[in-house]
Amino acid sequence: MTSENDTQLDIESNLKKYEAGLQIIVEGARADTGQTPKEIIWTKNKAKLYHYEPTVEKKYPVPILLVYALINRPYVLDLMPGNSLVEYLVNHGFDVFMLDWGIPGDEDSNLTFENYVLDYMPRAVKKVLRTAHAEEFTLLGYCMGGTMAAMYTALFPGKPLRNLILMTAPIDFTAENTGLYGLWTNEKYLNPDHMAAAFGNIPGDLVDTGNRLAKPVTNYVGSYVTMWDRILQGKPMDTWLAMNKWVNDGIPFPGAAFRQWIREFYQQNKLVKGEIRLRGMRVDLSAINCAVLNIAGKKDHICTLPQAEATMNLISSEDKEFFVLDSGHVGLLTGSDAKKSLWPKILSWLELRSK
Amino acid sequence: MAEGSKAQGPVNPLDFWKQWSETSTAMWTNVLEGGKGTFVDPYGLYRPWLHSIEVAQEQMKESAKGTIEPTELRKQWYEAAIGAWAKAAEMGGDPLGLTAQWLEIMEENRSKIFSGGTVPADPFTFIKQWYDASSDTWAKIVGDIIGNEKFVENASQFIESYTSYYMATRRANEDYFRNLQLPTRSDLARVAEIIVALEEKVDRLDDALDDIEDGNSQVATKDVITELEGRLSRVEKRLDAISSALEKLETVEKLAKHTEGMEKKLDKVLEAFAKNEASISSTATEVDVVATRKPTRKNARNPKANGSKVEAKQTV
């Protein structure tokens, strides 16, 4: 009788697990992300500037401004409590700000890197300095946000920018360095003008599909195998749900910026050649002379190691360091490995340069 | 609201999609019918897979009539899947050789999964076992395919075709709704652009105010005014000094005038005194008083005293 009851319970438990798994597949992953308490201190069009509420007494007078890419959502930097770079920095006494570009609408299809680097970023920097009552700041750019941060630094070197942290920031777009993206974005096969003309903003799903196709087995199958495995073994699902939500939360890429990104960066590799001009101002990376921490992942297929490493020979900074982790593009930023390696590294590097 | 309208009548956007759908279908059919076409069917990989499931379902229905072990079911399904793939590979229609490679993986994994004789009863564990056994090979093969120029070329043509039809449909939709006197997404976007431009102006004002507050602007701040006050105060003090010096000068002038006046008066007194002296001389001669001494200035200033002496002498 007891054995029969146990079997019955097992069946019920397994059915519940299958139900939970199917619900995720059908409805999509749901998770509370970006929970570190924050305040919006400035907005411009869809962009928002967050100021994270301090949890401990401020130890460092130099605030940190985080800048994310134009694709996907920036809450990956503040994924969930206990798994958030933002929370980690705040808890260690840093004054942290983050620039969220927001979700572009049809009316934003003409926004270019000129708008983002010359209009949005300098204003956000002003607000950061004003709010933090600071004279200097640290700029931390992730992924395409790193490329944008490098361009900003090249155009506005010196005070008030004190430190620059580039995390998996693609700089050199030589076809041999860009892996599959180099082939897919080759001008023989991809016409960004045509796509921008058709869609206005490039749909987030299209961009996501491109990114996921670079590792299709892992992204389309492996991820769900992991999900079922965790569900059936009764392991916590929080991190998986948060990551899965983020992966599927792509946002449109403003058409004009997409054209620039594909044409001038991927197809013509203008940044390393010093040929990018924003409103006539030449983006010369050799003008970067502040302290630079350049972080890359060995397994990163979105920003490959050589793409990020090239920065080291292009900038003039005397205080510069290239830090390589045995991780992928996102794995580098979150999870247990990040807590042990990346976060402490950023902390120790900043501690010395934020007094 | 709309910026003019085209002369032609509204085009049904569904027609465009229908046209595109037919073209695409024809394209994929061409591939499936012998691989002579230029395009690759991205779903071709899954067709034999789905077919294998159908076959397995049929076999399971048959088996269900008797008692069958779950592990045996897995084996049957696996064999059915391999059979379906082998059939698909024989039929051709796979320019990239996907089917053949997939079949190779399936056969390779068959030995890995079933050789130990420990086929899990739980379907998920079975699938995971199968995934773990095949994912590396699978990932490599798929990686090779998507990194192949032929694949990219075909995908590019598909995207170009999709983009063209999407653009045409979008225009058709715009015209369609415009002719129906309904606002379109473009109209809303235009309004939103105006709002964004307006916001930009407000931003500039906000920036200017911030600059004023931060002291970055060329306007008089409290510090500047305080400094200016200090400078004015110093200038004022200097002016006061000059003024007082000037006043002193005036006093001197007055003194000089006063002295001059005094001198004139003295001159008059002296003159009068001289006249008086002359008169006294003549009187002394007459009264025989020794007046050989000239009158001193002291005496002159005090003629009365002098007079008293004279009187005393006179008395003596």
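Predicted, not measured: the structure shown is a model, and the values here were computed from it.

## Here we look at the overall build of chain B
Now for step 1: Scanning chain B from terminus to terminus reveals 10 helices and 0 strands.
Now for step 2: Helices and strands in chain B line up, N terminus first, as α-α-α-α-α-α-α-α-α-α.
Now for step 3: Counting the 316 residues in chain B, one finds 23% classified as buried.
Now for step 4: Here the analysis covers contacts within chain B between residues at least 6 apart in sequence; of these, 66% occur between residues at least 24 apart.

## Observations regarding the packing of aromatic side chains
Residues and elements named next belong to chain A.
Now for step 1: A full pass over the atoms with the stated rule returns 22 aromatic pairs over all chains.
Now for step 2: For the ring pair Phe113 and Trp261, a centre distance of 5.9 Å and an interplane angle of 35 degrees mean the geometry is tilted. One end of the pair, Phe113, is in helix 3 (residues 113-132); the other, Trp261, is in helix 10 (residues 255-267), with 148 residues separating them in the sequence.
Now for step 3: Residue classification places Phe113 among the buried positions, given a relative accessible area of 1%.
Now for step 4: Classification of Trp261 as buried rests on a relative accessible area of 7%.
Now for step 5: Note on Phe173 and Tyr266: the rings are 4.8 Å apart at their centroids and 75 degrees apart in plane angle, and the pair reads as edge-to-face. In this pair, Phe173 is assigned in the loop between strand 6 (161-167) and helix 5 (179-184) and Tyr266 in helix 10, connecting sequence segments 93 residues apart.
Now for step 6: With relative accessibility at 1%, the residue Phe173 sits in the buried group.
Now for step 7: On the basis of relative accessible area, Tyr266 is assigned to the buried category, the value being 12%.

## Notes on the packing of helix 8 (residues 216-232) of chain A against helix 5 (residues 123-146) of chain B
Now for step 1: Two elements in contact, helix 8 of chain A and helix 5 of chain B, have axes separated by 9 Å at closest approach and are oriented at 165 degrees. Here helix 5 of chain B runs roughly antiparallel to helix 8 of chain A, going by the angle between their axes. Judged by the sense of rotation from one axis to the other, the crossing of helix 8 of chain A with helix 5 of chain B is left-handed. Along its contact with helix 8 of chain A, which presents Pro216, Val217, Thr218, Val221, Gly222, Val225, Trp228, Asp229 and Leu232 of chain A, the element helix 5 of chain B presents Phe124, Lys128, Tyr131, Ser135, Trp138, Ala139, Val142 and Ile146 of chain B.

## A closer look at the environment of Met237 of chain A
Residues and elements named next belong to chain A.
Now for step 1: Note on placement: Met237 falls in the loop between helix 8 and helix 9 (238-247).
Now for step 2: Measuring from C-alpha to C-alpha, the distance between Met237 and Pro54 comes to 28 Å, with 183 residues separating the pair along the chain.
Now for step 3: Ignoring sequence-local partners within four residues, the contact set of Met237 consists of Ile24, Met227, Arg230 and Ile231.

## Section: the interface of chain B and chain A
Now for step 1: In this complex, chain B contributes 39 residues to the contact, which on the side of chain A involves 34 residues.
Now for step 2: In total, about 3300 Å² of surface goes out of reach between chain B and chain A, with carbon and sulfur atoms giving 58% of it.
Now for step 3: Applying the counting criterion to the chain B and chain A interface returns 15 residue pairs in polar contact (both at pLDDT 80 or more).
Now for step 4: Going through the elements one at a time, helix 5, helix 6 (149-179) and helix 7 (185-214) of chain B are the ones with two or more residues in the side of chain B that touches chain A.

## A closer look at a positive patch on the surface
Now for step 1: A contiguous patch of positive charge, built from Arg231, Arg234, Lys237 and Arg238 of chain B, is present on the exposed surface.
Now for step 2: Within the secondary structure, Arg231 of chain B sits in helix 8 (residues 222-287).

## A closer look at the sheet that holds strand 3 (residues 64-67) of chain A
Two pairing modes exist for strands in a sheet, parallel and antiparallel, and in both the strands are linked by backbone hydrogen bonds.
Residues and elements named next belong to chain A.
Now for step 1: Taken in spatial order, the 8 strands of this open sheet run 1-2-4-3-5-6-9-10, and their pairing is mixed. Of all the strands in the sheet, just strand 1 (38-44) and strand 10 (320-325) have a single pairing partner and so form its edges. The sheet shows a mean angle of 20 degrees between the axes of neighbouring strands, taken without regard to direction.
Now for step 2: As paired strands, strand 1 and strand 2 (residues 47-52) are joined by 6 bridges and run antiparallel to one another. For Ile40, the partnering residue across the bridge sits in strand 2 and is Tyr50.
Now for step 3: Each of strand 1, strand 2, strand 3, strand 4 (96-100) and strand 5 (137-142) touches helix 3; the most contacted strand, strand 1, lies at about 140 degrees to it.

## Section: the packing of helix 7 (residues 204-213) of chain A against helix 8 of chain A
All names here are of chain A.
Now for step 1: Taken N-terminus to C-terminus, the directions of helix 7 and helix 8 make an angle of 100 degrees; their axes are 6 Å apart at the nearest point. Classified by the angle their axes make, helix 7 and helix 8 are roughly perpendicular. For the pair helix 7 and helix 8, the contacting residues are Thr209, Asn211, Arg212 and Leu213 in the first and Pro216, Asn219 and Tyr220 in the second.
Now for step 2: Across the contact of helix 7 with helix 8, the residue classes tally to 3 nonpolar, 3 polar and 1 charged.

## Concerning helix 3 of chain A
All names here are of chain A.
Now for step 1: Under the 1.5 Å per step criterion, the end-to-end length of helix 3 is 26 Å for 20 residues, consistent within 8% with the ideal 28 Å.
Now for step 2: Bending of helix 3 peaks at approximately 30 degrees at the position of Tyr120, with proline Pro122 no more than four residues after it.
Now for step 3: The element helix 3 is extensively covered by neighbouring structure, given that 16 of its 20 residues are classed as buried.
Now for step 4: Following helix 3 by one or two positions, His133 adopts a phi angle in the positive range, close to 50 degrees.

## Some thoughts on the pattern of salt bridges
Now for step 1: In total, this model carries 27 salt bridges over all chains according to the counting rule given.
Now for step 2: Of the charged contacts in the structure, one is a salt bridge between Lys44 of chain A and Glu200 of chain B, with a shortest N-O distance of 2.3 Å. Note that Lys44 of chain A is positioned in strand 1 and Glu200 of chain B in helix 7, a pairing that runs across two chains. The exposure classification of Lys44 of chain A matches that of Glu200 of chain B, with both residues buried.

## Section: the side chain of Asn83 of chain A
Residues and elements named next belong to chain A.
Now for step 1: Mapped onto the secondary structure, Asn83 falls in the loop between strand 3 and helix 2 (85-91).
Now for step 2: Of the residues examined, Asn83 reaches a relative accessible area of 5% and is grouped as buried.
Now for step 3: Sequence-distant contacts of Asn83, that is, excluding residues within four places in its chain, are made with Thr239, Thr334, Gly335, Lys339 and Trp343.

## Some details on a nonpolar patch on the surface
All names here are of chain B.
Now for step 1: On the surface, Val235, Leu239, Ile242, Leu246 and Leu249 cluster together to form a nonpolar patch covering roughly 480 Å² of accessible area.
Now for step 2: As for its placement among the helices and strands, Leu239 is situated in helix 8.
Now for step 3: Relative accessible area serves as the criterion here: at 52%, Leu239 is assigned to the exposed category.

Cut-offs applied
- Residues numbered from 1 in each chain as written.
- Chains lettered and ligands numbered in written order.
- Predicted model: local features only at pLDDT ≥ 70, side-chain atom pairs only at ≥ 80, totals over all residues.
- Heavy atoms only, no water.
- Helix = DSSP H or I, 4+ residues; strand = E, 2+ residues; numbered from the N terminus.
- Buried < 20%, exposed > 50% of the residue type's maximum accessible area, 1.4 Å probe, protein only.
- Contact = heavy atoms within 4.5 Å.
- Phe/Tyr/Trp six-rings, centres within 6.5 Å; stacked < 30°, edge-to-face > 60°.
- Axes fitted to C-alpha atoms, helices over the stretch in contact; angles between N-to-C directions.
- Parallel < 35°, antiparallel > 145°, perpendicular 65-115°, else oblique.
- Left-handed = near helix turned anticlockwise from the far one by under 90°.
- Buried area = accessible area lost by both parts, 1.4 Å probe.
- Polar contact = N/O pair within 3.5 Å; in protein donor to acceptor, adjacent residues only side chain to side chain.
- Patch = residues over 30% accessible without salt bridge, like charges linked within 9 Å, V, L, I, M, F, W, Y side chains within 5 Å.
- Areas by Shrake-Rupley, 256 points an atom, 1.4 Å probe, with all protein chains shown as cover.
- Salt bridge = Lys/Arg side-chain N within 4 Å of Asp/Glu carboxyl O.
- Lys, Arg positive; Asp, Glu negative; His and termini not counted.
- Charge placed at Lys NZ, Arg CZ, Asp CG, Glu CD.
- Pairing = 2+ DSSP bridges.
- Nonpolar A, V, L, I, M, F, W, Y, C, P; charged D, E, K, R; others polar.
- Expected span 1.5 Å × (residues − 1).
- Bend = angle between axes of the 7 residues up to and from the residue.

In short, geometric facts, not functional conclusions.
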